Amino acid sequence: MRGRRPAAAVVVAAGLVALTTGCAHHDGATPASSSSASPSGYADMKKKVDAAESAAAAADQDAKNTTDR
């Protein structure tokens, strides 16, 4: 099926846009008191990126399995 590879690319692109948007609000140096802590919302953004990567890998695997038939 031809639509799966572009769909996987869209999922990955959406994850990258979400990651970029989440990190873009930070325009100054990190305060010394929180230098060892992750930025606010980092864990949630990481979950979203991991989910997007997983979905892309599953779509690629599904496309490969469909092509091999």
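Scroll up to find the structure this text is about.
This write-up is about the structure you can find in this document. (Residues numbered from 1 in each chain as written. Predicted model: local features only at pLDDT ≥ 70, side-chain atom pairs only at ≥ 80, totals over all residues. Heavy atoms only, no water.)

### Some thoughts on the overall build of the protein
Argument step 1. Each helix and strand counted, the protein has 2 helices and 0 strands in total.
Argument step 2. Looking at the protein as a whole, 12% of its 69 residues qualify as buried.
Argument step 3. If you sum the accessible surface of the protein, you get close to 5400 Å²; carbon and sulfur atoms cover 59% of it. (Helix = DSSP H or I, 4+ residues; strand = E, 2+ residues; numbered from the N terminus. Buried < 20%, exposed > 50% of the residue type's maximum accessible area, 1.4 Å probe, protein only. Areas by Shrake-Rupley, 256 points an atom, 1.4 Å probe, with all protein chains shown as cover.)

### Thoughts on the pattern of salt bridges
Argument step 1. Going through the model one piece at a time under the given rule, you end up with 2 salt bridges.
Argument step 2. For Asp44, the salt bridge identified is with Lys48, shortest N-O distance 3.6 Å. Note that Asp44 and Lys48 are positioned in helix 2 (residues 42-68) at a spacing of 4 residues, about one turn of the helix.
Argument step 3. Residue Asp44 is classed as partly exposed on the basis of its relative accessible area of 42%.
Argument step 4. Exposure remark for Lys48: the relative accessible area of 46% places this residue in the partly exposed category. (Salt bridge = Lys/Arg side-chain N within 4 Å of Asp/Glu carboxyl O.)

### Describing the environment of Leu16
Argument step 1. Residue position: Leu16 is located in helix 1 (residues 4-24).
Argument step 2. According to the relative accessible area criterion, Leu16 is exposed, its value standing at 51%.
Argument step 3. The spatial distance from the C-alpha of Leu16 to the C-alpha of Glu53 is 9.8 Å, given a sequence separation of 37 residues.

### Focus: a nonpolar patch on the surface
Argument step 1. A cluster of nonpolar side chains, Val12, Leu16 and Leu19, forms an exposed patch at the surface whose accessible area comes to about 230 Å².
Argument step 2. As for its placement among the helices and strands, Leu19 is situated in helix 1. (Patch = residues over 30% accessible without salt bridge, like charges linked within 9 Å, V, L, I, M, F, W, Y side chains within 5 Å.)

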